[in-house]
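Structural characterization, general
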Amino acid sequence: MITTRKNRELKEFNSFGISAKASEFIEFDCKEDLKEIFESIGDKKWEVISGGNNILFASNWDGVLIHPTMRSINTISESDTDVVVKVDGALEWDDFVNWCTDRELWGAENLTLIPGYVGAAPVQNIGAYGTEVKDIIESVEMFCVESRKFLTLHNSHCQFGYRDSVFKGLLKHAVIITAVTFRVSKVANPQINYGDLKLKVEELGGATIKNIQNAIIEIRESKLPDPKITGNVGSFFKNPVVEHHVAEQLKNKYPDMPVYITPEGSKIPAGWLIEKAGWKGSKDGNVGIDPRQALVVINLGGATGEEILKFAHTIQKDLKSKFEIEIEMEVNTL
Ligand code: EPU
């Protein structure tokens, strides 16, 4: 069924809690509806909104917002070692993680509590505590806007990178993700080498799937503000990846700066740079930096998208002048 509403308030559709309006808001509950929706949209400006956990409304949306609501989980095949499962795009990501951990199916547990829908997970290749969603994605089903056909893209064609994929590049605005197929494992495969995770897991009694999930929940809850209480989008910025010699030069100047060597280059935690520059816990009007995790920009109440963007640009400029490093925003601005 397709439901259309005009002048829809979007506050409940973005975790920043920004008040903005969409001239047209279309909700649908069956992927085939997309064909009819796109027949009716014509030349109007459109965008998909799922959980709104990584979106910043810079102003009102003068166009159509399309909101999917399909949430089923279907097991496609099962072997002695693996289960292949196809999940609709509008299921809450953490509902899928719980579905896996309840069945002792490994691969998604480190990504617990990441807010958002399943369909958004491949777009920015969500990652946390040493794992990324690309490691369990088999394929992505998508609606191609121009041809009005459904296609399935295998993992190897998704161009997954650090918080990146083909859905942010070549296929941006050309497709709508309708479902994701995952391969999760019946064989235990604990990934607990990130930071203090191992210690926490041991405190809870060892590396069972539920202990790992609970340890991550504890760590996340201790550092990341709950968007239901304080508007935020998790990491607002991406960690910059720079050439190794650039990181080495900075490391000489700041020996306490953490650096992670990755195949793409040296990754420097933007949280560290923001904290070092003195922004952690700072406030400017209705916007601020979280006092526990410097990578998180928070809405202190009533902030507008414009205010948040202005604050973010000030921080970007300051880091550029202090460290000669450009940090990119992770959030999508509409
Ligand atoms: N750090 C600071 N000060 C801070 C925050 C971090 O100095 O206020 C330094 C510390 O040295 C710390 C290091 O940065 O050891 C890494 O911090 P953390 O483990 O919190 O991870 P992060 O790099 O800040 C990334 C992801 C998070 C994810 C965590 C854990 C990005 C952009 N963010 O953050 O993802 O939960 O790792 O794996 O890669 C998200 O994308 O919304 C998100 C929360």
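None of the values given here were measured: they were computed from a predicted structure.

1. Describing the sheet that holds strand β6 (residues 73-78)
Strands sit in the order β6-β7-β12-β10-β11 across an open sheet of 5 strands; the sheet is antiparallel. The strands lining the two open edges of the sheet, one partner per strand, are β6 and β11 (149-154). Each strand axis lies, on average, 20° off the axis of its neighbour in the sheet, ignoring direction. Here strand β10 (residues 137-144) pairs with strand β12 (residues 175-185) via 7 bridges, running antiparallel. Residue C144 lies in a different strand from β12, and its bridge partner there is V175.

2. Some points on the pairing of strand β2 (residues 21-28)
Relative to β2, strand β1 (residues 2-9) runs antiparallel, the two sharing 7 bridges. Counted as the bridge partner of E9 is K21 from β2. Pairing analysis gives 6 bridges linking β2 to strand β5 (residues 61-68), with the strands arranged parallel. Each residue of the ladder has a partner; that of F25, found in β5, is L65.

3. So, the site of the ligand
Around the ligand sit 24 residues in total, of which Y129, Y162, R163, Y194 and E275 are the nearest. Between the ligand and Y162, the relevant distance is 2.7 Å, taken from an oxygen atom to a side-chain nitrogen or oxygen of the residue. Residue N239 places a side-chain N or O atom 2.9 Å away from an oxygen atom belonging to the ligand. Contact with the protein chains removes 82% of the 810 Å² of surface that the ligand exposes when unbound. Among the elements that make up the shell around the ligand, the one with the highest residue count is helix α6 (residues 270-276) (3 residues).

4. Re the domain arrangement of the chain
Each assigned domain of the chain is listed with its residue range as follows: domain 1 (2-68), domain 2 (73-222) and domain 3 (241-333). Its C-alpha centre places domain 1 at a distance of 25 Å from the equivalent point of domain 2. Listed as interface residues are 15 residues of domain 1 and, on the opposing side, 14 residues of domain 2. Both faces considered, domain 1 and domain 2 share a buried interface measuring about 1400 Å² in area, 68% of it formed by carbon and sulfur atoms. By the criterion of area lost to domain 2, the three top residues of domain 1 are K31, F38 and W46, representing 36% of everything that side buries. Viewed at the interface, domain 2 and domain 1 are joined by 2 salt bridges. The salt bridge partner of E39 is R148, with a shortest N-O separation of 2.7 Å. Between domain 1 and domain 2 we count 3 residue pairs in polar contact (both at pLDDT 80 or more) in total. Looking at the side of domain 1 that touches domain 2, the elements with two or more residues in it are α1 (33-41), β3 (46-48) and β5.

5. Observations regarding the nonpolar core
F236 and I274 are the most contacted members of the largest nonpolar core, which has 45 residues in total. Of all the secondary-structure elements, those providing two or more residues to this core are β2, β4 (55-56), β5, α5 (244-253), α6, β17 (287-289) and α7 (305-323). Residues from two domains meet in this core; each of domain 1 (2-68) and domain 3 (241-333) gives at least three. With 44 residues, the next largest nonpolar core counts W106, Y129, C144 and A215 among its residues.

6. What about the packing of aromatic side chains?
On inspection of all chains with the given rule, the structure shows 15 aromatic pairs. Between F13 and F25, the aromatic rings sit 4.7 Å apart at their centres with planes inclined by 45°, giving tilted as the arrangement. Within this pair, whereas F13 is found in the loop between β1 and β2, its partner F25 is found in strand β2, the two being separated by 12 residues in sequence. The exposure class of F13 is buried, given its relative accessible area of 9%. A relative accessible area of 2% places F25 in the buried class. Taken together, a centroid distance of 5.4 Å and an interplanar angle of 65° make the contact between Y254 and F323 edge-to-face. One end of the pair, Y254, is in the loop between α5 and β14 (260-262); the other, F323, is in helix α7, and 69 residues separate them in sequence. Judged by its relative accessible area of 17%, Y254 falls in the buried class. You can call F323 buried: its relative accessible area is 6%. Of the aromatic side chains, those joined through ring pairs into one cluster are F38, W46, F143 and F150.

Thresholds applied
Residues numbered from 1 in each chain as written. Predicted model: local features only at pLDDT ≥ 70, side-chain atom pairs only at ≥ 80, totals over all residues. Heavy atoms only, no water. Pairing = 2+ DSSP bridges. Helix = DSSP H or I, 4+ residues; strand = E, 2+ residues; numbered from the N terminus. Axes fitted to C-alpha atoms, helices over the stretch in contact; angles between N-to-C directions. Near = heavy atom within 4 Å. Polar contact = N/O pair within 3.5 Å; in protein donor to acceptor, adjacent residues only side chain to side chain. Areas by Shrake-Rupley, 256 points an atom, 1.4 Å probe, with all protein chains shown as cover. Domains from an automatic or database assignment. Contact = heavy atoms within 4.5 Å. Buried area = accessible area lost by both parts, 1.4 Å probe. Salt bridge = Lys/Arg side-chain N within 4 Å of Asp/Glu carboxyl O. Core = buried A, V, L, I, M, F, W, Y, C linked by side-chain atoms within 4.5 Å. Buried < 20%, exposed > 50% of the residue type's maximum accessible area, 1.4 Å probe, protein only. Phe/Tyr/Trp six-rings, centres within 6.5 Å; stacked < 30°, edge-to-face > 60°.

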